[in-house]
Amino acid sequence: MIAERLRCRGFRNIEEADISLSPGVNVFLGNNAEGKTNALEAIYLMAAGKSFRTPREREMVRFGSPFFEVTLDMKDSRREQEIVFRAYSQEVAKRRECRKNGAPVARLAELVGCFRAVLFCPEHLMLVKAGPAERRGFLDIALCQLSASYLAALSRHNKVLSERNALLKQLQDGAGDSSLLDVYSDQLSLSASQIFVARRAYIKQLDRCVKRFFEELSDGGPSETPSLAYKNSLKTDAPIGEAEAYSLYLKALTSNTAREIAAGATLYGSHKDDIEITLDGREARLYASQGQQRSLALAMKLGEGEISMEYTGEHPVFLFDDVLSELDPTRQRFLLSRLGDRQVIMTACTPPPFARDVRYIYVEDGHYSDVPPGDMTVRREPENENENGIGGGAT
């Protein structure tokens, strides 16, 4: 899968831009606050249907503009496609318009998965140490790009969960219709069972990938064994199907209503899930060093890309937002050496190390050019002529 051309109008600090991308390594190069991450954000928007920086589309509209429009020309194994995402500012009643190959798209969910990307930014280095919500977000972004049915189940679950929580708070205050609780419990159990089966299967695949990448990262040195397990409110990772999971969720939700009313919140469901990450049997969040935690996070993101390829037969596009500056040389080299046959689009303030055959896109004040500004000189000698790096034929 290749992103070939990005066009933006009224997006963040970009008044108008038309950016061609190479199928190899692309680096948005420039100083801070010039618009490097804005371009990466626009590309990611086409994969996830949302920003990785804000949940509010109006915040991405350029000041003084009534809307933003992002157009991505992409190519997969079957054909070339064009995706258009337009969102309006708060002052305009219409929220958004999307098109795929010129045809209007009624629901944003129909776009998610057309273009697949793996995002890696500095915040992801805290994936192991962060709370369960961040790891659930990691799962959801990965799975939504691979499965329309998962995206639909997750959307239903979040909607029903919000309504059920509102009812529980009403019941806590002595109001509300208690008969609706069984209806919501049934709906929530149905969507949670679908999410359960998908997450369990994905985490098993991810565990396999993380073990391999983490071992390779040790490069023959002392190595601990990582393990990823599915932690859920059913307290099981047994190979049960949707029907059994549905029954277990429904039992939990209908036999603990008094406790939930007292709490004013739903205590069982997919919103309580987590990935349990251990290193030699010890909880990595508590006992792994910062370096080990970063290696685990790196292995998880590479695993996300590997699973995407296994599901679809195509590598996703890798997006790096200033992540190399947060990694030591060993991890920089490892990361880049694994991506030699994939499209990579990254942001950086200085040319990335260990990288060859790079297409630099120079960024200044929301403008993008193949020619560096007058005060910018890019010259970097390879650290080691024999060192395989990204774009240098490494696999």
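Cut-offs and rules
- Residues numbered from 1 in each chain as written.
- Predicted model: local features only at pLDDT ≥ 70, side-chain atom pairs only at ≥ 80, totals over all residues.
- Heavy atoms only, no water.
- Buried < 20%, exposed > 50% of the residue type's maximum accessible area, 1.4 Å probe, protein only.
- Helix = DSSP H or I, 4+ residues; strand = E, 2+ residues; numbered from the N terminus.
- Contact = heavy atoms within 4.5 Å.
- Polar contact = N/O pair within 3.5 Å; in protein donor to acceptor, adjacent residues only side chain to side chain.
- Axes fitted to C-alpha atoms, helices over the stretch in contact; angles between N-to-C directions.
- Parallel < 35°, antiparallel > 145°, perpendicular 65-115°, else oblique.
- Nonpolar A, V, L, I, M, F, W, Y, C, P; charged D, E, K, R; others polar.
- Pairing = 2+ DSSP bridges.
- Core = buried A, V, L, I, M, F, W, Y, C linked by side-chain atoms within 4.5 Å.
- Phe/Tyr/Trp six-rings, centres within 6.5 Å; stacked < 30°, edge-to-face > 60°.
- Lys NZ or Arg CZ within 6 Å of the ring centre and 35° of its normal.

**Student:** Lay out helix H9 (residues 329-337) in plain terms, naming residues and giving numbers.
**Tutor:** Each turn of an α-helix holds 3.6 residues, which means side chains three or four residues apart point in the same direction. If you check which residues of H9 are buried, you get Arg-331, Gln-332, Phe-334, Leu-335, Leu-336 and Ser-337. Where the residues of H9 are buried, they touch strand S8 (117-120), helix H4 (179-218), helix H8 (290-312), strand S12 (317-321) and strand S13 (344-348). For H9, the N-terminal cap is Asp-328; the gap from its side-chain oxygen to the backbone nitrogen of Thr-330 is 3.1 Å.

**Student:** Outline the packing of helix H2 (residues 132-146) against H4, listing residues and values.
**Tutor:** Their axes nearest at 11 Å, the elements H2 and H4 cross at an angle of 100°. As far as their axial angle goes, H4 and H2 are roughly perpendicular. Between H2 and H4, the residues in contact are Arg-136, Phe-138, Leu-139, Asp-140, Ala-142, Leu-143 and Leu-146 and Ala-198, Arg-199, Tyr-202, Ile-203 and Leu-206, respectively. Residues of the contact of H2 with H4, tallied by class, amount to nine nonpolar, no polar and three charged.

**Student:** Tell me about the side chain of Ser-191, residues and numbers included.
**Tutor:** Structurally, Ser-191 is set in helix H4. For Ser-191, a relative accessible area of 2% corresponds to the buried category. If sequence neighbours within four positions are ignored, Ser-191 has contacts with Ala-153, Arg-156 and His-157.

**Student:** So, the sheet that holds strand S15 (residues 367-369): which residues are in play, and what are the values?
**Tutor:** Judged by pairing direction, the sheet is mixed, and its six strands sit side by side in the order S8-S12-S13-S3-S14-S15 without closing on themselves. Lying at the two open borders of the sheet, with one neighbouring strand each, are S8 and S15. Between one strand and the next, the sheet's axes are offset by a mean angle of 20°, whatever the strand orientation.

**Student:** Help me get a handle on the nonpolar core, residues and values and all.
**Tutor:** In this structure, Met-300, Phe-320 and Leu-335 are the most contacted members of the largest nonpolar core, which totals 63 residues. Broken down by element, the residue count for this core peaks at 11 residues, all from H4. In this structure Leu-335 touches Phe-120, Leu-298, Leu-302, Phe-320, Leu-324 and Leu-327, once residues within four positions along its chain are discounted. Ala-17, Phe-68, Ala-87 and Ile-141 belong to the second-largest nonpolar core, a separate cluster that totals 44 residues.

**Student:** How would you sum up the packing of aromatic side chains? Please name residues and give values.
**Tutor:** The geometry of two aromatic rings is summed up by the distance between their centres and the angle between their planes. Within the structure shown, the criterion is met by 10 aromatic pairs. Measuring from ring centre to ring centre gives 5.9 Å for Phe-28 and Tyr-368, while their planes differ by 80°; the resulting arrangement is edge-to-face. Here Tyr-368 lies in strand S15 and Phe-28 lies in strand S3 (residues 25-29), a separation of 340 residues in the sequence. There is no split in this pair, since Phe-28 and Tyr-368 are both buried. Judged by centre distance (5.9 Å) and plane angle (55°), the ring pair of Phe-67 and Tyr-88 falls under tilted. Of this pair, Phe-67 sits in strand S4 (residues 67-75) while Tyr-88 sits in strand S5 (residues 80-88), placing them 21 residues apart in sequence. Residue Phe-67 shares its accessibility class with Tyr-88, and that shared class is buried. Each residue in the set Phe-11, Phe-68 and Phe-85 is aromatic and connected to the rest through ring pairs, giving one cluster. Across the ring face of Phe-67, the terminal group of Arg-86 is positioned such that the distance to the ring centre comes to 4.0 Å. Sitting over the face of the ring of Tyr-287, Arg-282 holds its NZ or CZ atom 4.1 Å from the ring centroid.

Honestly, that's just the spatial picture; any functional story needs more than this.
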